[in-house]
Each structure stands twice: as structure tokens, then as C-alpha cells.
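# Examining the three-dimensional arrangement
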Amino acid sequence: VQLQASGGGVVQAGGSLRLSCAASGRTFSSHTMGWFRQAPGKAREFVAAVSGSGRSTDYTDSVKGRFTISRENAKNTMSLQMNNLKPEDTAVYYCGLGPISYRPGFNSQDRYDYWGQGTLVTVSS
């Protein structure tokens, strides 16, 4: 299984970015997919997750109302639309392939078996 994350960049506060994650090597439509991020000097943290069907989504509190996660199983892709970005969103963002069972575990990185290489998002103030 390979996951390829893309879409990071430098943006001013209040701006938007769209991250994408392309999966290959396995049919991933039955698996939870998620985004995690790691800011400099901090531990990796959960950002958002989507169930295999796409019907369930969850977000960490700090991004609710600003970020939207989605997936397109026919294309083996997942996206994270990030609006109204803030400097505290600056981090390396990782996409992950998670468990088949969405709950519990969608927000636990220990439940994710495969990771993309990470894409850097930098939000300037």
C-alpha cells in the first residue's frame, strides 16, 4: 500500500489550501482514512477522519467549521479542504489508512497501518 500526500504550501492567515491523498496497492473503500499533523516540537495529533463509506466524519475541535474531509472511493483519493487557516495550523500533514471499523479508533494513530510521506503547510501571520 502506498499513500501519496500533496497540496501543502505557504499561505497567509485566512487563506485556503486543499490537501489530497492518493492511495494505491489496495482497495481502500472499506477503511477509515484520516489526516494527522505534527507541528515543530510537538507530537503528531489527529485532525480529521472519514469512514469507508464517507458517511461519517470527525474533526478535532480546533478545525471544526474550517476544515472539510472527503473521499472519492472510485478514484482511491481523499481530500482535506482547509479554509480560514491560522498560524497554529502550521505543521506537516500526514494522511493515513486506518481500521475498517470506524468507531472506536478513528482518531488514534495507533490504529492506522499505512502513512503518506507528509506535506508541509505553513501559515504566515
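Quick summary incoming for the structure in this document. No experiment lies behind these values; they were computed from the predicted model shown. (Residues numbered from 1 in each chain as written. Predicted model: local features only at pLDDT ≥ 70, side-chain atom pairs only at ≥ 80, totals over all residues. Heavy atoms only, no water.)

As a further point, take the overall build of the chain. Scanning the chain from N- to C-terminus turns up zero helices and eleven strands. Reading the chain from its N end, one meets helices and strands in the order β-β-β-β-β-β-β-β-β-β-β. Whereas a compact globule of 125 residues would reach a radius of gyration of roughly 14 Å, the chain reaches 13 Å, a difference of no more than 12%. Considering only C-alpha atoms, the chain reaches an extent of 40 × 25 × 25 Å along its principal axes. Buried residues in the chain amount to 43% of all 125 residues. A fraction of 60% describes how many contacts in the chain between residues 6 or more apart in sequence connect residues 24 or more apart. Of the accessible surface of the chain, which amounts to about 6200 Å², a share of 45% is contributed by carbon and sulfur atoms. Averaged over its 13 positive side-chain charges, the chain has a centre that lies 4 Å from the centre of its 8 negative ones. (Helix = DSSP H or I, 4+ residues; strand = E, 2+ residues; numbered from the N terminus. Rg over C-alpha atoms; globule rule 2.2 N^0.38 Å. Buried < 20%, exposed > 50% of the residue type's maximum accessible area, 1.4 Å probe, protein only. Contact = heavy atoms within 4.5 Å. Areas by Shrake-Rupley, 256 points an atom, 1.4 Å probe, with all protein chains shown as cover. Lys, Arg positive; Asp, Glu negative; His and termini not counted. Charge placed at Lys NZ, Arg CZ, Asp CG, Glu CD.)

Tallied over the full model, the rule gives six aromatic pairs. Here the aromatic rings of Phe-36 and Trp-115 are separated by 5.2 Å at their centres, their planes lie at 80°, and the arrangement is edge-to-face. Here Phe-36 is found in strand E4 (residues 33–38), whereas its partner Trp-115 is found in strand E10 (residues 114–115), with 79 residues between them in sequence. Owing to a relative accessible area of 28%, Trp-115 belongs among the partly exposed residues under this scheme. (Phe/Tyr/Trp six-rings, centres within 6.5 Å; stacked < 30°, edge-to-face > 60°.)

The subject of this paragraph is the pairing of strand E9 (residues 91–97). Residues in a regular strand project their side chains so that they alternate between the two faces of the sheet. Counting buried positions along E9 yields six of seven residues, so the element is predominantly enclosed. Two elements, E4 and E9, share six bridges in a ladder whose sense is antiparallel. Looking across to E9, one finds that Gln-38 is bridged to Val-92. As defined by bridge partners, E9 adjoins E10 across two bridges and the pair is classed as antiparallel. Paired with Leu-97 across the two strands is Tyr-114, which belongs to E10. (Pairing = 2+ DSSP bridges.)

Before going further, it helps to spend a moment on the pattern of salt bridges. Per the stated rule, a full pass over the model turns up six salt bridges. Close ionic contact of Asp-89 with Arg-37 constitutes a salt bridge, the shortest N to O distance being 3.0 Å. You can see Asp-89 sitting in the loop between strand E8 (77–82) and E9 and its partner Arg-37 sitting in strand E4, a full 52 residues away along the chain. Assigned by exposure class, Asp-89 and Arg-37 land together as buried. Between Asp-58 and Arg-103 there is a salt bridge, with its nearest N and O atoms 2.9 Å apart. Note that Asp-58 is positioned in strand E6 (residues 57–59) and Arg-103 in the loop between E9 and E10, a separation of 45 residues in sequence. Here Asp-58 falls in the buried class, since its relative accessible area comes to 18%. (Salt bridge = Lys/Arg side-chain N within 4 Å of Asp/Glu carboxyl O.)

Time to look at the nonpolar core. With 27 residues, the main nonpolar core has Trp-35, Phe-67, Leu-80, Met-82 and Tyr-93 as its most contacted residues. Looking at this core, the elements that each hand over two or more residues are strand E1 (2–6), strand E3 (17–24), E4, strand E5 (45–50), strand E7 (67–72), E8, E9 and strand E11 (119–124). (Core = buried A, V, L, I, M, F, W, Y, C linked by side-chain atoms within 4.5 Å.)

Turning our attention to the state of the cysteines. All told, the structure shown has one disulfide when counted by the stated rule. In this model, Cys-21 is linked to Cys-95 through a disulfide, with the two sulfur atoms separated by 2.2 Å. An S-S torsion of about 65° defines the bridge between Cys-21 and Cys-95 as right-handed. One end of the pair, Cys-21, is in strand E3; the other, Cys-95, is in strand E9, and 74 residues separate them in sequence. The pair Cys-21 / Cys-95 is uniform in exposure class, with both members buried. (Disulfide = S-S within 2.5 Å.)

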